[in-house]
Amino acid sequence: MKKILTLCIIYEHPRVLLGMKKRGFGQGKWNGFGGKIKEGETIEAAAKRELQEEAGIEVKTLAEAGILDFEFEGNPEILEVHVFKGQDIMGEPLESEEMEPKWFHIDEIPFEDMWPDDKHWLPLLFGGKKFRGRFLFGEEDSILDMALQEVKEL
């Protein structure tokens, strides 16, 4: 069973906008902005809506960079996450009930406080590459198995 989600990373070289997740799944981790797709909504529209809800910003440029499947040992559900790179934001990022946004210099990304898969695919996103991947997580969010490749098209 697959659940389709969005994830948007705002990247305006040399800085990246991440959000500290304040509640729910991934609480206490820095991450991009995103979430579930509502009925009748396109994946891109969901990514834009989540960005507005979680950080109070709109984005002029949004490009799909990758598709990642996440599995958790003992759970049959697969999370199919469509990863977008956003640029040219409108508005100043604002804290929401769910996320506390903060800009990071590309050399100071807090990978130790992020999901462990991020360090594998974020360099591809920053490099303008498209990618597909699969990550299997075990206890304490450890990566048990992974596959990640650069692709020409998604």
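So, here's what we can say about the structure. Nothing here was measured: the structure is a model prediction, and the numbers come from that model.

Across its full length, the protein carries two helices and eight strands. Tracing the protein from N to C terminus, the helices and strands come up as β-β-β-α-β-β-β-α-β-β. For the protein, whose C-alpha radius of gyration is 15 Å, the value lies close to the compact-globule estimate of 15 Å for 154 residues. With respect to the principal axes defined by its C-alpha atoms, the protein has extents near 40 × 35 × 30 Å. Burial statistics for the protein: of 154 residues in total, 46% are counted as buried. Pairs at least 24 residues apart make up 64% of the contacts formed inside the protein by residues separated by at least 6 positions. One finds the centroid of the 20 positive side-chain charges in the protein at a distance of 3 Å from the centroid of its 32 negative side-chain charges.

Another point: helix α1 (residues 43–55). Taking 1.5 Å per residue, 13 residues should reach 18 Å; α1 reaches 18 Å between its end C-alpha atoms and fits that length. Those residues of α1 that fall on the buried side of the exposure criterion are A46, A47, R49, E50, L51, E54 and A55. Packing partners of the buried residues in α1 comprise β1 (2–12), β4 (58–72), β5 (75–90) and β6 (99–105). Immediately downstream of α1, the backbone of G56 shows phi near 70 degrees, a positive value.

With that out of the way, let us pick up the environment of K21. Considering the arrangement of structural elements, one finds K21 in strand β2 (residues 15–21). Taking the C-alpha atoms as reference points, K21 and M99, separated by 78 residues in sequence, lie 4.9 Å from one another. At 3.1 Å, the side chain of K21 and the side chain of E98 are in polar contact.

Let's shift gears to the side chain of E50. Structurally, the position occupied by E50 is in helix α1. For E50, the contacting residues outside a window of four places in its chain are T6, G34, G35, K36 and A55.

What follows is about the layout of surface pockets. By volume, the largest pocket is sized at about 630 Å³. Around the largest pocket, the lining is made up of 27 residues, and of these L5, F25, N31, G34 and G35 lie nearest the centre. Elements with a contribution of two residues or more to the lining of the largest pocket: β1, α1, β4, β5 and α2 (118–126). Looking at the lining of the largest pocket, its residues break down into twelve nonpolar, six polar and nine charged.

Quick look at the packing of aromatic side chains now. A ring pair, where both rings are aromatic, is described by two values, the distance of the centres and the angle of the planes. Tallying each qualifying case throughout the model produces ten aromatic pairs. With 4.6 Å between their ring centres and 40 degrees between their planes, Y11 and F126 make a pair best called tilted. With Y11 in strand β1 and F126 in helix α2, the pair connects residues that are 115 residues apart, well separated along the chain. Under the relative-accessibility criterion, Y11 is labelled buried at 7%. Residue classification places F126 among the buried positions, given a relative accessible area of 16%. Arranged with centres 5.2 Å apart and planes meeting at 20 degrees, the rings of F72 and F137 form a pair that is stacked. Within this pair, whereas F72 is found in strand β4, its partner F137 is found in strand β7 (residues 130–137), the two being separated by 65 residues in sequence. When sorted by exposure, F72 lands in the same class as F137, which is buried. Connected via pairs of aromatic rings, a cluster forms that spans F25, F70, F72, W115, F135 and F137.

Reading guide: rules and limits
- Residues numbered from 1 in each chain as written.
- Predicted model: local features only at pLDDT ≥ 70, side-chain atom pairs only at ≥ 80, totals over all residues.
- Heavy atoms only, no water.
- Helix = DSSP H or I, 4+ residues; strand = E, 2+ residues; numbered from the N terminus.
- Rg over C-alpha atoms; globule rule 2.2 N^0.38 Å.
- Buried < 20%, exposed > 50% of the residue type's maximum accessible area, 1.4 Å probe, protein only.
- Contact = heavy atoms within 4.5 Å.
- Lys, Arg positive; Asp, Glu negative; His and termini not counted.
- Charge placed at Lys NZ, Arg CZ, Asp CG, Glu CD.
- Expected span 1.5 Å × (residues − 1).
- Polar contact = N/O pair within 3.5 Å; in protein donor to acceptor, adjacent residues only side chain to side chain.
- 1 Å grid on protein atoms, 1.4 Å probe; cavity = no way out; pocket = protein on both sides within 12 Å on 5 of 7 lines; lining within 4 Å.
- Points joined across faces, edges and corners; volume = space filled by probe spheres on them.
- Nonpolar A, V, L, I, M, F, W, Y, C, P; charged D, E, K, R; others polar.
- Phe/Tyr/Trp six-rings, centres within 6.5 Å; stacked < 30°, edge-to-face > 60°.

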